[in-house]
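Letter by letter, the chains look like this.
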Protein chains: 2
Amino acid sequence: MCTEYCAISPDSDEMPAVSARLWDEDDVRSLRLMCDEVHEYGALAGVELHHSGAHGPTSETRWPAIAPSQLGSDLEPLIVPKAMEHDDIRRVQADWVSAARLASSAGFDIVYVYGGHSYLPVQFLSPFYNRRSDEYGGTLENRARFWLETLELVREAVGDDCAIAARISVEALGPAGVELDEGLAFIRLADHLVDLWDVNVGSITEWSKDSGSSRFFAEGYQLEWTGQVRDATAKPIVGVGRLTNPDRMAAIVTSGAWDLIGAARPSIADPFLPQKIEEGRYGEIRECIGSNICVAKSESGRHLGCTQNATAGEEFRRGWHPERFERAANADRDVLVVGAGPAGMECAIVLGKRGMRRVHLVEAEEDVGGAMRWIPRLPGLGEWSRLVNWRVVQLSRLRNVEVITQKLLSAADVLDYGAEIVVCATGATWATDGLSAQTHRPVAGADISAKHLLTPELVMVGEEHPPGEHVLVYDCEGYFMGAGIAEKLALDGYRVELVTPLGAIAPFCDETLEGPLLRKRLHERGVGLHTGLTIGSIDSGGAIGETDTGEHFELEADAFVLVTQRLSNEALYLELRSAAQAWTGEGVEAVYRIGDCVAPRVVADVIFDGHRLAREIDAKNPALPLPHRRERPARGLLAETSAGGVVPLEH
Amino acid sequence: MCTEYCAISPDSDEMPAVSARLWDEDDVRSLRLMCDEVHEYGALAGVELHHSGAHGPTSETRWPAIAPSQLGSDLEPLIVPKAMEHDDIRRVQADWVSAARLASSAGFDIVYVYGGHSYLPVQFLSPFYNRRSDEYGGTLENRARFWLETLELVREAVGDDCAIAARISVEALGPAGVELDEGLAFIRLADHLVDLWDVNVGSITEWSKDSGSSRFFAEGYQLEWTGQVRDATAKPIVGVGRLTNPDRMAAIVTSGAWDLIGAARPSIADPFLPQKIEEGRYGEIRECIGSNICVAKSESGRHLGCTQNATAGEEFRRGWHPERFERAANADRDVLVVGAGPAGMECAIVLGKRGMRRVHLVEAEEDVGGAMRWIPRLPGLGEWSRLVNWRVVQLSRLRNVEVITQKLLSAADVLDYGAEIVVCATGATWATDGLSAQTHRPVAGADISAKHLLTPELVMVGEEHPPGEHVLVYDCEGYFMGAGIAEKLALDGYRVELVTPLGAIAPFCDETLEGPLLRKRLHERGVGLHTGLTIGSIDSGGAIGETDTGEHFELEADAFVLVTQRLSNEALYLELRSAAQAWTGEGVEAVYRIGDCVAPRVVADVIFDGHRLAREIDAKNPALPLPHRRERPARGLLAETSAGGVVPLEH
């Protein structure tokens, strides 16, 4: 069990990103809690001691960033680092030793000199960052010197108590690091100083190729490069690559390529992954879908989230155990869940696990899954089907849950159904008139009855083929749908223009590390990319509108797909609410709604919403979430600690 | 003294932006500390009770965002809110009342129903957000109903103890709010419920027009609209508009337009603004320069900073009083500061105030100011000259500080100078070879000796005129310099192309709320804007390079200005450091460096750096900043509070 990166020095301050730190004794206290907990379960605790070098925004400490040479950060805006003097090198190495000692005293078993991505040790190693003319620059031996010396110093300091690990990106897949030959050469140079090699590819600049999304990278894709590390070392190797399949993991280890499987995202999706493998419960593994919504949600100081695992990040603050569910206080009730999309399925599963007498999950369509039935058919999103598949298996195992498809319920049907609790999970639909967040207005001439005008549902579910050869996809949302529809139609042989009022194509995909690769792929597929264009009206021959500098534009097209805004399918819920006087007669006690039917959101939040209602179905008012535990800076007077920290004096 | 916006409900959660909150009793304890402190100085404490409505990312609480109608946020990506049911309206109003009661118990004197920007009350008021067909939508009276009811409820709850204030943007200057006629009409409708009107313009979508930068808005610009509020009310009015000039403030109040002057940014630049006015110390007011670096630095959960005031945000965590300076323990030493740019000036002032025996600030050029001598001559940046002007006055008042210009010092001169402490503040210079953060390589053919190749210094200080008529400005930095040079040359009559490898023109200017207006202005001035282009080589006729999709491009131009990366002028410092064995003989005890000479940074950080060294000139090792007080989530075991919060149990 490893921490995230853990900064060793004040000039490695990544605020507003939250990272662990080992700068002083006060930091030890928090991390010791982690170590104690890890040890209680018989595991080893590791700490990724780290310095971000040229990529340190230092927004909190306001120290200058430092790097081997004064070359601007290719990652963070406006950072031109201080070229490290010899004193800086010695000080950072001393910080590493100090942090290692603090780590050892906190109880860590494995201490890293972390060089994954393009952080400081790799900046020394890489000719892209290192232009020094002293003994720390030039030849590979010189560029390796900083890292080798640091490993040696850390080993001297804590090597008797802790294993010394190094993480290295053996192939940067871009300029920001080293190529495979030098990656392997460094491993040979440092092998006597390291007890565990933690290997990956990419860099922080090319993070999209390190924490690769399933859209662009197959499970285990890093083996192409990290599978060659064995030739350079006899030490244990741990590798990553979004591995979720136990057979694949076993094959890698038995092949001798690696000794250990690293799994961050797969463990967010299923924290009990190792235990389920140990116990042979393969079918219960909730596999990461590779959407990288965890990255999008946790970056920049926001709260973690996971599409597959609604409890990710909620273990402490809401007290949700990923695998344990308490019997509901009102478990003697029947629940009708209307709509078997992601929210409805998740809610029914958790209600089932909480022991509700009977849960009926009723779906109007032939199959369960809602929009997630067809979204995985968009190019590259096949693994997203794991979301529905895992839940279908879970539902089939719950004796108190019944799934009923091809049954469209009216409000009267629902009231008459016989369940005391009703949950509406009827989803959302793409606007058919071009309504968008940008204008809050329809697009003039957007007439859905016309053959040349389509929505994502019409393309994907209705399987309607746009007339003509030239299609304009209008994306006002900026996530996967507009780009996905455009790519699909291009693959179908259409000439496609992707038009957005936003400043970039699919900007939210930058948050999921998909943006650069996605834009490249769209371009390769021949999709015309147009940003900053707001369409005002559409007719059968084209669209007209305004550029972001206020000028008129016209684009020709034979057909249009409007990916502008989704709208909740809330009619059934609102009708039920307005019929509250009829509830008593029908034995209905409560009507709730969840998921996109409340407000259209990313799937992770929809799953969370369905889970949340079921977890709190016996709360005083399940319609509103219970408060979560919050971190607050202080409640009373403040006292200063020995290390200059501040703690509340009273509680 | 007002808080920032203070959220009343969990669906008004702006994580990762840090806001005050009044959700439960635990929140009262922290805010009570503020109220007590405010009262100690005889001031009134106000709290901007707030709900962000459609613009709530709710990244922490994961509640759905809510709004009058289900129209996507025009501010935050991917938010489509829940259209509020009647229960939601009642619940939010109850939250407002609850928060007002909590505020009253915390000691606040003024309680807001905050409708500034385009937050929830204005979303109800604005036809852009409100499409309801019930009694909360349609006519102005209906759209005003939510806000009026809430004001009434809050008044009933705490009106006897607290003044009730409302903030309203009377003119949204865009779609996201109301126009002036409806703004004033609302004020008339609500006047009986309000004790203080806090008025502004713009919206959160058009924040650039609310917290206007000096580049685009003159001091007091909001009066054009908010100066008309007097016609609609007899209640006291407070207005804003980056007012720093006491005469102007007095004129506004005596004219009857407003009764009170609001000043957030001017108080960040000078927290003692009111006291200095009261005491008639007008010349000592450190005026806000309107760069909005405070916004750029504090948004998204980063730490505040200010170009003018190095102590902003450092009062508690570093213990820096903005106006008080302790005599240095080594005040018997002489200090030589080499270079009178921002860092050198600030350092010399603080050293002077700390009572050093003699401080010599020696500058090679004719005038002090460094790069800030000429940067204010870029179009729109005139008010930035306040940075140098204020410091020139300060320096002139310090008897122990002497400013010497037109004196270029060699290393030997410095050692021979007679000062025990030497501080190098020799700044930075733009690379002359096209070196950039993106490529870490020069641009081929970038030969600074050629007439057609210039840097910002050559254009602005050398006053060199690019040959020909057609100039290409190559901006690899993305802040004000590239765009500023391009605009200046366009005003000089050149045809200008602004080319950047970045995804947008001057993207960092979006952080300072200047981006949209800047791009519009550049376009209006006829500057050609080209993003995503990396220049590989330049010759006398044009530039060639690669687009971000990997394609070849060519652009013709007669001349080129390279705004690619700055490099520290560190030669003098490094020579002095390498001559350390000669120090003793010359009586030199220490040689430090500050500002851009360490690493080129935004001016706020350069000022901070100079200030920091002087504040810590008598520390054990002034070269490294002393640790600041840090907030840490927990040091020991955790205990739960009554309100579900978590506090450290021990310290």
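Our subject is the structure that appears above.
Small disclaimer: the values here were computed from a predicted structure and weren't measured.

Engineer: What's the story with the pairing of strand 3 (residues 46-50) of chain A in this structure? I'm lost.
Structural biologist: Every other side chain in a regular strand lies on the same face of the sheet, so the side chains alternate between the two faces. Residues and elements named next belong to chain A. Of all 5 residues making up strand 3, 5 are buried, and the element is well covered by its neighbours. On strand 3, burial covers both faces: Gly46, Glu48 and His50 on one face and Val47 and Leu49 on the other are all buried. With 4 bridges joining them, strand 1 (residues 2-7) and strand 3 adopt parallel strand pairing. Within the sheet, the bridge partner assigned to tyrosine 5 lies in strand 3 and is glutamate 48. In the sheet, strand 3 pairs with strand 6 (residues 110-115) via 2 bridges, with the strands oriented parallel. In the sheet register, glycine 46 faces strand 6, and the bridge partner there is isoleucine 110.

Engineer: How should I be thinking about the interface of chain A and chain B in this particular structure?
Structural biologist: The extent of an interface is frequently quoted as the accessible surface area lost upon association of the parts. Residue-level contacts link 93 residues of chain A with 93 residues of chain B. Connecting chain A to chain B are 14 salt bridges. Note that aspartate 27 of chain A and arginine 630 of chain B form a salt bridge whose closest N and O atoms lie 2.6 Å from each other. Between chain A and chain B we count 34 residue pairs in polar contact (both at pLDDT 80 or more) in total. Of all the secondary structure elements, the ones that give two or more residues to the side of chain A that touches chain B are helix 1 (25-40), strand 5 (82-83), helix 2 (86-106), strand 24 (566-568), helix 18 (571-578), helix 20 (603-615), strand 26 (638-640) and strand 27 (646-648) of chain A. Looking at the side of chain A that touches chain B element by element, the count peaks at 5 residues for helix 1 of chain A. The class makeup of the residues in the side of chain A that touches chain B is 39 nonpolar, 23 polar and 31 charged.

Engineer: For this particular structure, what's the right way to read helix 5 (residues 180-190) of chain A?
Structural biologist: Structural remark: α-helix, 3.6 residues per turn; residues separated by three or four positions point the same way. Residue and element names in this part refer to chain A. Most of helix 5 sits inside the fold, with 8 of its 11 residues counted as buried. Leu180, Glu182, Gly183, Leu184, Ala185, Phe186, Ile187 and Ala190 are the residues of helix 5 that are buried. Where the residues of helix 5 are buried, they touch helix 3 (120-125), helix 4 (140-158), strand 7 (163-171), strand 8 (196-201) and helix 6 (223-226).

Engineer: How should I be thinking about the pattern of salt bridges in this particular structure?
Structural biologist: Note on pairing: side chains with opposite charge can pair once their charged atoms come close. With the rule as written, the count across this model stands at 100 salt bridges over all chains. When the shortest N-O distance is used, the salt bridge between glutamate 514 of chain A and arginine 215 of chain A registers 3.5 Å. One end of the pair, glutamate 514 of chain A, is in the loop between helix 16 (508-511) and helix 17 (515-524); the other, arginine 215 of chain A, is in the loop between strand 8 and helix 6, and 299 residues separate them in sequence. Glutamate 487 of chain B is the partner of arginine 525 of chain B in a salt bridge, and the nearest nitrogen-oxygen pair spans 3.1 Å. Residue arginine 525 of chain B is found in the loop between helix 18 (515-524) and strand 19 (528-530), and its partner glutamate 487 of chain B is found in helix 16 (residues 480-491); the two are separated by 38 residues along the sequence. By relative accessible area, which is 35% here, arginine 525 of chain B ends up partly exposed.

Engineer: Explain the nonpolar core here, please?
Structural biologist: As a rule of thumb, soluble globular proteins bury nonpolar side chains together. Within the largest apolar cluster, 144 residues are counted, with the highest numbers of intra-cluster contacts made by Leu22, Leu49, Leu151, Phe186 and Val473 of chain B. Broken down by element, this core gets its largest block of residues, 9 residues, from helix 2 (residues 86-106) of chain B. Sequence-distant contacts of leucine 49 of chain B, defined by excluding residues within four places in its chain, comprise Cys6, Ile8, Leu22, Trp96, Ala99, Ala100, Val111, Tyr112, Val113 and Tyr114 of chain B. With 143 residues, the next largest nonpolar core counts Ala20, Leu49, Leu387 and Met481 of chain A among its residues.

Engineer: Help me understand the relation of the copies chain A and chain B, please; the structure alone is not making it clear to me.
Structural biologist: Copy one and copy two of the chain differ by a rotation about a common axis and a shift along it. The operation relating chain A to chain B is a screw motion whose rotation component is 180°, with 0.0 Å of axial translation and a residual RMSD of 0.0 Å. On the angle and the small slide along the axis, the relation comes out as a two-fold axis.

Engineer: What is the right way to read the packing of helix 4 (residues 140-158) of chain B against helix 5 (residues 180-190) of chain B from this model?
Structural biologist: Geometry of a packed helix pair, given as the angle between the helix axes and the separation of the axes. All names here are of chain B. For the pair helix 4 and helix 5, interaxial distance at closest approach is 10 Å and the crossing angle is 45°. Put simply, helix 4 runs oblique to helix 5. Judged by the sense of rotation from one axis to the other, the crossing of helix 4 with helix 5 is right-handed. For the pair formed by helix 4 and helix 5, the contact residues are Leu140, Glu141, Arg143, Ala144, Trp147, Leu148 and Leu151 on the first element and Glu182, Ala185, Phe186, Leu189 and Ala190 on the second. When the residues that make up the contact of helix 4 with helix 5 are grouped by side-chain class, the tally is 9 nonpolar, no polar and 3 charged.

Engineer: For this particular structure, what's the right way to read the packing of aromatic side chains?
Structural biologist: Remark: the centre distance and the inter-plane angle together describe each pair of aromatic rings, the angle taken between the planes. Scanning the model with the defined rule gives 24 aromatic pairs over all chains in all. Between phenylalanine 124 of chain A and phenylalanine 146 of chain A the ring centres are 4.3 Å apart and the planes differ by 10°, which places this aromatic pair in the stacked class. One end of the pair, phenylalanine 124 of chain A, is in helix 3; the other, phenylalanine 146 of chain A, is in helix 4, with 22 residues separating them in the sequence. On the numbers, 6.2 Å between centres and 70° between planes, the contact of phenylalanine 124 of chain B with tyrosine 136 of chain B is edge-to-face. Separated by 12 residues along the polypeptide, phenylalanine 124 of chain B in helix 3 (residues 120-125) and tyrosine 136 of chain B in the loop between helix 3 and helix 4 bring together distant segments of the chain.

Engineer: Even after reading the chapter, I still don't get the side chain of serine 568 of chain A, so can you show me in this structure?
Structural biologist: Tracing the sequence through the fold places serine 568 of chain A in strand 24. Relative accessible area serves as the criterion here: at 11%, serine 568 of chain A is assigned to the buried category. Within polar-contact distance, the side chain of serine 568 of chain A engages the backbone oxygen of cysteine 597 of chain A at 3.4 Å. Polar side-chain contacts of serine 568 of chain A include one of 3.4 Å to the backbone oxygen of valine 598 of chain A. If we skip the residues at most four places from it in the chain, serine 568 of chain A touches Gly427, Ala428, Asp596, Cys597, Val598, Ala599 and Pro600 of chain A together with Gln70 of chain B.

Engineer: Got a minute to help me understand the pairing of strand 20 (residues 533-539) of chain B in this structure?
Structural biologist: Residues and elements named next belong to chain B. Pairing geometry for strand 20 and strand 21 (residues 542-547), over 6 bridges, is antiparallel. In the strand pairing of strand 21, leucine 533 is matched with threonine 547. Here strand 20 hands over to strand 21 after 2 residues, the two strands then running antiparallel side by side.

Thresholds applied
- Position labels on residues start from 1 in each chain and follow its written sequence.
- All chains are assigned letters beginning with A, and all ligands numbers beginning with 1, in the order in which they are written.
- For this predicted model, a pLDDT threshold of at least 70 governs which residues receive local features, and a threshold of 80 or more governs which side-chain atom pairs are given and counted, while totals over whole chains, interfaces and linings are taken from all residues.
- Only heavy atoms go into the side-chain values, all of them from the structure, while hydrogens and water stay out.
- Relative accessibility decides the category of a residue: with a 1.4 Å probe and only protein chains considered, values under 20% of the type maximum give buried, values over 50% give exposed, and everything between is partly exposed.
- Under the DSSP-based scheme used, a helix requires at least four consecutive residues in state H or I and a strand at least two consecutive residues in state E, with every element numbered from the N terminus.
- By definition, two strands form a pair when at least two bridges between them are found by DSSP.
- Every residue pair with non-hydrogen atoms within 4.5 Å of one another is taken to be in contact.
- The salt bridge definition used is simple: a Lys or Arg side-chain nitrogen within 4 Å of an Asp or Glu carboxyl oxygen.
- Whenever a nitrogen or oxygen atom comes within 3.5 Å of another N or O atom, the pair is scored as a polar contact, on the condition that within protein one atom can donate a hydrogen and the other can accept it, and that pairs from neighbouring residues in sequence are kept only if both atoms are in side chains.
- Polar here means any residue other than Ala, Val, Leu, Ile, Met, Phe, Trp, Tyr, Cys and Pro, which are nonpolar, and Asp, Glu, Lys and Arg, which are charged; Gly is therefore polar.
- In this text, buried Ala, Val, Leu, Ile, Met, Phe, Trp, Tyr and Cys residues form a nonpolar core when linked through side-chain atoms within 4.5 Å.
- Each copy is superposed on the other by least squares, with the fit set by C-alpha atoms of residues at a pLDDT of at least 70 in both.
- Lines are fitted to the C-alpha atoms to define the axes, a helix being fitted only along its stretch in contact, and any angle between axes, read from their N-to-C directions, falls within 0 to 180 degrees.
- Oblique is the label for any angle not covered by the other classes, which are roughly parallel (under 35 degrees), roughly antiparallel (over 145) and roughly perpendicular (65 to 115).
- For any helix crossing, the convention is left-handed if the near helix is rotated counterclockwise from the far helix by under a right angle, and right-handed if that rotation is clockwise.
- Side-chain rings of Phe, Tyr and Trp, where Trp is taken by its six-membered ring, are said to pair if the distance between their centres is within 6.5 Å; with planes under 30 degrees apart they count as stacked, over 60 as edge-to-face, and otherwise as tilted.

Take it as geometry only, folks, not as evidence of what the structure does.
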